[in-house]
Amino acid sequence: MTETCRTLRDTIALEGLMPDDEALRAHLETCDDCTQFLERARAVELELDALGPEDVSDDVVETLLARPELTRPVRPRRSMQWALGLAAAAVLGFVALNITLTGHKEMRAPMTLNTGPGGGGGGGQTPKKEDNAELQATDELKSLGYLSGEAEAPEEDLSSVRRKFVQEFRENEVAEAIPEAVGEDERLAEKSKRTQGVVTVTGESPLIAPLEDVAVDFGVAGSVASPAPADTSAEEGFARSDADDALKGVLGGRASAVAPEKRVHVDPVYPAAGKDQNAIGVVVLRVAVDAAGNVTNAVVVRSVASLDDAAKEAVLQWKYVSSDQPVRTFEVEVTFGSEEPDGESAAFDRSRVDGLSFREAKGYWSNTYQPGDPAVRALKARLESAGFAVAPHAKARPVDQPFDAPARGALSVSMQADRRAIGGPSRVLVQVGVTGAAVRGRRRPPMNIGVVLDVENEAPASVRALIEALEQSKQMGDRFRLIIPGQGEVVAPESFHHGPVRVALDEAASSGDVSAALANALRWVHAGDDPTMPLGTSLVILVTPKKLGHELERLSQLAHRSAVGGVPVSVVGVGDAVDRDELDRLAMAGQARRYLLDNANDAAGIVSRELSAGSRVVARALRLRIKLAPGVRLVDVIGSHPLSERQTTQVKQAEKSIDLRLSRNLGIEADRGDDEDGIQILIPSFYAGDSHTILLDVVVDAPGPLGDVTAKYKDLTLLRNTEARASTSLAALSARNVYGPLETNVSENFLAHRLAERLERTSDSLRRGDSQGAVIVLEQAVAHFRARGRHHDIEMTRDLAMLRSYIQLVTAASEPSLLSYLADSLRFAAATKLSPSAST
Amino acid sequence: MEIEPVPEPAEKLLVAHREGEPGAFRELVERYRRPVFGYLVRCGVAEADRDDLFQDVFVKVHLSAHRYDAARPLHPWLFTVVANTVRTYFKKKRARSLFLVEADADPALTVADDAPDGEAIAVAKETSSWLRKAIHALPMPQREVLILAKIERLPLQDIASSLSLPLATVKTHVRRARLRLIDAYERRNEARHD
């Protein structure tokens, strides 16, 4: 499409007519596409013209005309009344401003994230706040991700944006690393310089400009907050009287629509008073900028008492791009993280190497890889069925893991530090990564499935579709059977074909005890379980449209016993009458899945998932042994904990049980039983295509080896015991190339862990009924992420948007059902953040 | 030959009502009942709420009549009241829909990036016309500008003052709205041919 095509189409779209312009008309004669466009436009215009009139009923008109309000005489213009009204509005506005200043800034701020200079508000025009509440509400919802918007970056652009950000991040990291190379004195001098305020000149970058400028040095950040409304109306003027009056008193100018691009950034000096109080938070200021880009005035609109002056002092030194507007006003944020890594901040700040306590780098530690965790699946199902329109957890995305897929075998293992080199004693993150083979095209093993169909009278269409989908998925060696309470096994494995299945469905009428039917089904399926087949290939599916009531307890006991014996029990709830909590409990007891079947279209998907569930596991009994090199001291295994003696015994028993079973079933030699040196983590099953990371927080005294990892596992793709190894070391710091993409990935995983912890803590606060505490945790997380995180990272931007969504929702929510929903949502987001397959 | 009386200009009707002339307000309502109700329908106000909102508009007209400047045309002034009433309505609806899924919302219809809420979508489901659905799927600012420009035939400058928007923004909304409708028209034709 040429420029002329675009001009022509814009003109047609604006006027709805053939354009008058001769050149455009001439273009039409030569361009078939534009001619077709004009024809379509004409057709639309004709249809618009043909829209019939809409009329209200006469009754409504009569009701209107009879309304008592209309019997009052129209008020004459009275200047005195107007003045009194204005005075009252001023008082109300003042009160509103106070409420605003003490409220949560995040409820207004996030518009910044998708809006850059010239990018928002219709080409620099920001509509009046009062008159355009709808627009603003839409923008806010967009910025929170409830609605997608034209302003958002297309998905395909994210990778290029991300690459650029990673590049810039790497440069920043190198710049930060250099002081370590030049000795402690220089490092202290550098730190001292930073605390005195560092001037950073921001270059022009169309990609970076729309996002925030954040200094990462010691947790102090400055950024542009939401664009201030331009055309401040009279009412708004009162609502913002403090800030605006202070500015207007000096400037007498007109507020600017969009925050301009910042050219010079000065970090605030963290005040001694703030240190004493361990103060962190976000100070929001309304600034006035002259035509040359100098900040000429700044008024605090959201205060963090001990930090206001420092924020103001820094902001007054900032410079923006020049403009022909004499005065521009907008809001900016200055974020303070605590410089001292105590308490909350310690979770993020890892610069300290002295005064730490260390753990023994040996023994069994808890497993953090939990794909398909029944609890998370139950959580997901609850969220989906809760009926709330908002789903902030949908923003939670796991970190993209850059691990290579295994060249041969089921798993690959890697070991990676968060930097390539050190100059002296350093706190380092060491990441162990495990990746499962994709195993594409792997044929599923023969399945041994019993379906208990608890339906009264005729089976509904959705149930028919389910059983027919199962029948159509049948492959050589499959043994499917159909059991109906009161009727027993109505279709045996050898006759599970279209005809007999259809007849059984026509005559399906459950008349007996569903527990007895399940017990029978389990007995038959267990009896038909082929010991040469892998685990998970035998299962029972209970299909029910009813509440289970008093039968739940008995059914759960049966399901649990069966799952322990190697045959899981899944549940399919049909229609609206089922109790989802009951089904969740039963599916958890049966160590399998729960589905809701509302219509026939869902049936094939359910069958497909059930049949593929067992065949997705590529490795069993994965034992990771991580040995740290001499001189490397362990601070923590992030997200994990050492197991007690009793737990260790249980884990070893489970490992031995899998070992023996696979030896018996698949002929993979039993090789487990002995303990090994180092940290040991046992992962029972690892799924195809999954990735998992384990992060170790260590202190390293000098360059050299960091450690090694060995992964021993039962390889279900090669049907043998397999071992994979990896190791890593740190070089002596020379100058550059300290941080690369792989090192960045380690930091991102660390932040993902920290985010997940805070989301879980917020969820716990909500469960305790402490909404205020929940908001505080979230706000602290926002402050820390802004201060410590790499603000130009697109994932970080998304995480911050998610946190702000939660702040807004938790602040607004009061209904117990909604609070419970948000607690579930937070926990689910935490699980998703750490594992892509948490809920599969 | 019977000569039909020339109707009073609408501006005079509101002034007359302001001055207490009986019957003037009824005539004003009769004059504007279709355009106002049509605006409510096309903007996506739910059927259950339209009658109430229609009454609200005229009650507001009555209560604000003293602010009307008789030297200016009534049409844009009145549609300022209508547009603000509808915006307030959607604002409240959105606040509610933030937490509650509309029972009859069809996710498949949520195609527009900043499409109307579930209520408006439900309205779209009531209609059979693709065009009505396409209008309901427009973002609110584009929808209201298009309706005022194309259906209510308000000049763009009047729309700008009615909605307190810069003229350039109004033009942008009109252009984008038409482009979306043309696109919807094309997609509908393609679907029919498939």
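Position numbers for residues count from 1 along each chain, tracking the sequence in the order it is written. Chain letters and ligand numbers both follow the written order, the letters beginning at A and the numbers at 1. Under the rules for a predicted model, residues below a pLDDT of 70 receive no local features and side-chain atom pairs below 80 are neither given nor counted, while totals for whole chains, interfaces and linings still include all residues.

## Regarding the overall build of chain B
Then, number 1: Check the secondary structure of chain B and you find 9 helices and 0 strands.
Then, number 2: Segments assigned H or I by DSSP are reported as helices when at least four residues long, segments assigned E as strands when at least two residues long, and all are numbered from the N terminus. Taken from N to C terminus, the helices and strands of chain B fall in the order α-α-α-α-α-α-α-α-α.
Then, number 3: Note on burial: count the other C-beta atoms lying within 10 Å of the residue's C-beta; 20 or more is buried, 12 or fewer is exposed, in between is partly exposed, and C-beta positions come from the backbone. For chain B, buried positions account for 46% of its 194 residues.
Then, number 4: The long-range share in chain B, meaning contacts at least 24 apart out of those at least 6 apart in sequence, stands at 56%. A pair of residues counts as a contact when their C-beta atoms, built from backbone coordinates, are separated by no more than 7 Å.

## A look at the overall build of chain A
Then, number 1: Of the regular secondary structure elements, chain A holds 26 helices and 23 strands.
Then, number 2: Burial status across chain A gives 44% buried among its 840 residues.
Then, number 3: Restricting to contacts in chain A with at least 6 residues of sequence separation, those with at least 24 account for 81%.

## Thoughts on helix 1 (residues 3–15) of chain A
All names here are of chain A.
Then, number 1: Its 13 residues give helix 1 an end-to-end C-alpha distance of 18 Å, which sits within 8% of 18 Å, the value for a rise of 1.5 Å per residue.
Then, number 2: Restricting attention to buried positions, one finds in helix 1 the residues Leu8, Arg9, Ile12 and Ala13. Taken end-on, helix 1 shows its buried residues confined to a sector of 130 degrees, consistent with a single buried face. The exposed residues of helix 1 that point more than 90 degrees off its buried face are Glu3 and Arg6.
Then, number 3: Looking one or two residues beyond helix 1, the residue adopting positive phi is Gly16, at roughly 70 degrees. Helix span, expected: 1.5 Å multiplied by one less than the number of residues in the helix. Within this analysis, the arc is defined by the directions that extend from the helix axis to the C-beta atoms.

## Description of the pairing of strand 16 (residues 569–574) of chain A
Residue and element names in this part refer to chain A.
Then, number 1: By the criterion of burial, strand 16 is predominantly enclosed, with 6 of the 6 residues buried.
Then, number 2: At least two bridges found by DSSP between two strands are what make those strands a pair. The sheet contact formed by strand 15 (residues 538–544) and strand 16 spans 5 bridges and is parallel. The residue bridging Leu542 from the neighbouring strand is Val571, located in strand 16.
Then, number 3: Since strand 15 and strand 16 lie parallel, the crossover through helix 19 (residues 551–564) that links them has a hand, and here it is right-handed.
Then, number 4: In this structure, strand 16 lies alongside strand 17 (residues 594–597), joined through 4 bridges in parallel fashion. For Val571, the partnering residue across the bridge sits in strand 17 and is Arg594. Look down the strands so they point away from you; if the path from the first strand over the helix to the second goes clockwise, the crossover is right-handed.

## Things to note about the sheet that holds strand 11 (residues 426–436) of chain A
Residues and elements named next belong to chain A.
Then, number 1: In space, the 4 strands of this open sheet follow the order 9-11-21-19, with antiparallel pairing throughout. If you trace the sheet from one side to the other, it starts and ends with strand 9 (411–417) and strand 19 (632–637), each paired once. Averaged over all pairs of adjacent strands, the angle between strand axes in this sheet comes to 25 degrees, irrespective of strand direction. Whenever a helix is involved, its axis is fitted only over the stretch in contact; in every case the axis is a line through C-alpha atoms, and angles between N-to-C directions fall within 0 to 180 degrees.

## Looking at the nonpolar core
Residues and elements named next belong to chain A.
Then, number 1: In this structure, Leu285, Val315, Leu411, Leu778 and Val810 are the most contacted members of the largest nonpolar core, which totals 117 residues.
Then, number 2: The dominant element in this core, judged by the number of residues it contributes, is helix 26 (residues 816–834), at 10 residues.
Then, number 3: In this structure Leu411 touches Pro406, Val434, Thr435, Gly436, Ala619, Leu622, Phe686, Ala711, Tyr713 and Ala724, once residues within four positions along its chain are discounted. For this entry, the nonpolar core is defined as buried Ala, Val, Leu, Ile, Met, Phe, Trp, Tyr and Cys residues connected by C-beta atoms within 7 Å.

## Here's the deal with the sheet that holds strand 15 of chain A
Residues and elements named next belong to chain A.
Then, number 1: Taken in spatial order, the 6 strands of this open sheet run 14-13-12-15-16-17, and their pairing is mixed. For this open sheet the edge positions go to strand 14 (488–491) and strand 17, each flanked by a neighbour on one side alone. Averaged over neighbouring strand pairs, the angle between their axes works out to 25 degrees when direction is ignored.
Then, number 2: Relative to strand 13 (residues 479–484), strand 12 (residues 448–453) runs parallel, the two sharing 5 bridges. By the bridge assignment, Asn448 is partnered in strand 13 with Arg479.
Then, number 3: Helix 20 (residues 580–589) contacts strand 16 and strand 17 of the sheet and is inclined by roughly 165 degrees relative to strand 16.

## What about unusual backbone geometry?
Residues apart from glycine generally show negative phi values, whereas peptide bonds are mostly found in trans.
Residue and element names in this part refer to chain B.
Then, number 1: For Arg153, which is not glycine, the phi torsion reads 60 degrees and is therefore positive.
Then, number 2: Judged by the 10 C-beta atoms lying within 10 Å of it, Arg153 is exposed.
Then, number 3: Phi is positive for Ser164, which is not a glycine, with a value near 55 degrees.
Then, number 4: You can call Ser164 partly exposed: it has 17 C-beta atoms within 10 Å.

## Focus on the confidence of the model for chain A
Residue and element names in this part refer to chain A.
Then, number 1: Per-residue confidence for chain A averages 72 on the pLDDT scale, and 70% of its residues sit at or above 70.
Then, number 2: As a per-residue measure, pLDDT tells how confident the predictor is, with possible values from 0 to 100. For residues 94–257, every residue scores under 50 in pLDDT, and the model assigns this stretch 299 contacts once sequence neighbours within four places are set aside.
Then, number 3: Contacts from residues 338–345, a stretch scored under 50 in pLDDT, to residues over four places away or in other chains number 19 contacts.

## Considering the packing of helix 2 (residues 24–43) of chain B against helix 3 (residues 47–64) of chain B
All names here are of chain B.
Then, number 1: Interhelical geometry of helix 2 versus helix 3 gives an angle of 135 degrees and a closest axis separation of 10 Å. Here helix 3 runs oblique to helix 2, going by the angle between their axes. Between helix 2 and helix 3 the crossing geometry is right-handed. Facing helix 2, whose interface residues are Phe25, Val29, Val36, Phe37, Leu40 and Val41, helix 3 presents Arg50, Leu53, Phe54, Val57, Phe58 and His62.
Then, number 2: Grouping the constituent residues of the contact of helix 2 with helix 3 by class yields 10 nonpolar, 1 polar and 1 charged. Angle categories are assigned with fixed cut-offs, so that under 35 degrees is roughly parallel, over 145 is roughly antiparallel, 65 to 115 is roughly perpendicular, and the rest are oblique. Working rule for handedness: look at the near helix, and if it is turned counterclockwise from the far one by less than a right angle, call the crossing left-handed; if clockwise, right-handed. Under the scheme applied, nonpolar residues are Ala, Val, Leu, Ile, Met, Phe, Trp, Tyr, Cys and Pro; charged residues are Asp, Glu, Lys and Arg; polar residues are all the others, including Gly.

## Quick look at the confidence of the model for chain B
Then, number 1: Of all residues in chain B, 76% have pLDDT values of 70 or greater, and the mean over the chain is 76.
Then, number 2: Within the model, pLDDT remains below 50 along residues 98–128 of chain B, and this stretch shows 66 contacts once partners closer than five positions in the same chain are excluded.

## So, the environment of B:Glu19
Then, number 1: In this fold, B:Glu19 is placed in the loop between helix 1 (10–18) and helix 2.
Then, number 2: Note: C-alpha distance between B:Glu19 and B:His66 (47 residues apart in sequence) is 9.6 Å.

## Points about helix 17 (residues 498–506) of chain A
Residues and elements named next belong to chain A.
Then, number 1: Turning to helix 17, its buried residues number three or more, namely Val501, Ala504 and Leu505. Down the axis of helix 17, the sector holding all buried residues measures 100 degrees, keeping them to one side. Residues of helix 17 that are exposed and point more than 90 degrees away from the buried face comprise Gly499, Val503 and Asp506.
Then, number 2: Looking at the packing, one finds that the buried side of helix 17 touches helix 16 (461–472), strand 13 and strand 14.

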